[in-house]
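So the chains spell out like this:
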Amino acid sequence: MRKIFYFLASLALFFTGCADKSPQINTSNPNIIFESDSLGEWFVLQNVVSLKRTDGFIEIEITGKNHSSSKQVLTYNIDWYDQNGFIIKSILVKRKIASVESGKSIIIHAVSPSENTASYKVRFGIPTEDDELREQNVNLREHKGE
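Residues numbered from 1 in each chain as written. Predicted model: local features only at pLDDT ≥ 70, side-chain atom pairs only at ≥ 80, totals over all residues. Heavy atoms only, no water.

Enquirer: Help me understand the sheet that holds strand E4 (residues 72-81) in this model?
Expert: Across a sheet, strands are paired by hydrogen bonds formed along the backbone, either parallel or antiparallel in direction. Taken together, the 4 strands give an open sheet; going across it, the order is E1-E7-E4-E5, and neighbouring strands pair in mixed fashion. Both edges of this open sheet fall to strand E1 (32-34) and strand E5 (96-100), since each of them pairs with a single strand only. Within the sheet, the average angular offset between the axes of one strand and its neighbour, ignoring direction, is 30°. Direction of pairing for E4 relative to strand E7 (residues 119-125): antiparallel, over a ladder of 7 bridges. Bridging across to E7, Ile78 finds its partner in Val122. (Pairing = 2+ DSSP bridges. Helix = DSSP H or I, 4+ residues; strand = E, 2+ residues; numbered from the N terminus. Axes fitted to C-alpha atoms, helices over the stretch in contact; angles between N-to-C directions.)

Enquirer: Any chance you could explain the pairing of E4 here in plain terms?
Expert: Within a regular beta strand, the side chains point alternately toward one face of the sheet and then the other, so they alternate between its two faces. With 8 of 10 residues buried, E4 lies mostly within the body of the structure. Sheet topology note: the E4/E5 ladder contains 5 bridges and is antiparallel. If you follow Leu74 over to E5, its bridge partner there is Ala98. (Buried < 20%, exposed > 50% of the residue type's maximum accessible area, 1.4 Å probe, protein only.)

Enquirer: I tried to follow the pattern of salt bridges on my own but got confused; where do I start?
Expert: Think of it this way: side chains of opposite charge can pair up when their charged atoms draw near. A complete count under the given rule lists 5 salt bridges for this structure. The partner of Arg95 in a salt bridge is Glu35, with the nearest N and O atoms 2.7 Å apart. Taken together, the residues Arg95 in the loop between E4 and E5 and Glu35 in the loop between E1 and strand E2 (43-52) connect sequence positions 60 residues apart. The exposure class assigned to Glu35 is partly exposed, which follows from its relative accessible area of 43%. Among the ionic pairs, Arg53 bridges to Glu59, the shortest N-O distance being 3.4 Å. Taken together, the shared-partner salt bridges in this structure form one network comprising Glu35, Asp79, Arg95 and Arg123. (Salt bridge = Lys/Arg side-chain N within 4 Å of Asp/Glu carboxyl O.)

Remember that the coordinates give geometry; whether it matters functionally is a separate question.
As structure tokens, then:
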């Protein structure tokens, strides 16, 4: 009896130790789009909340966490759509680069650029050379006061 118990206990430890504990991208929210599968290796969405305010604007807040052992970088872009499904153009809408320290969370908070906004989509990705060049743009740095 004792041998069977030890065998079952060691078997249970073996299978729990081999379980895949890597973060998984939560794709259940239709408003969130992941443009890179490699984000699933370290980034996990924790919460997505949206609210249609009384003034007609939509307010969103997204929380995600870096589950890796090093600082990671991602990009995100929020597209706002009108009632007909067209993107609402605004100078406030641009692709942003964010770094997330190991074990820390990132909170993205945004308000729609128009009271005519009907929906939104947030696209997450991995930075490319083009993204980094945009961040180094002299006009952008001047606008930020750098």
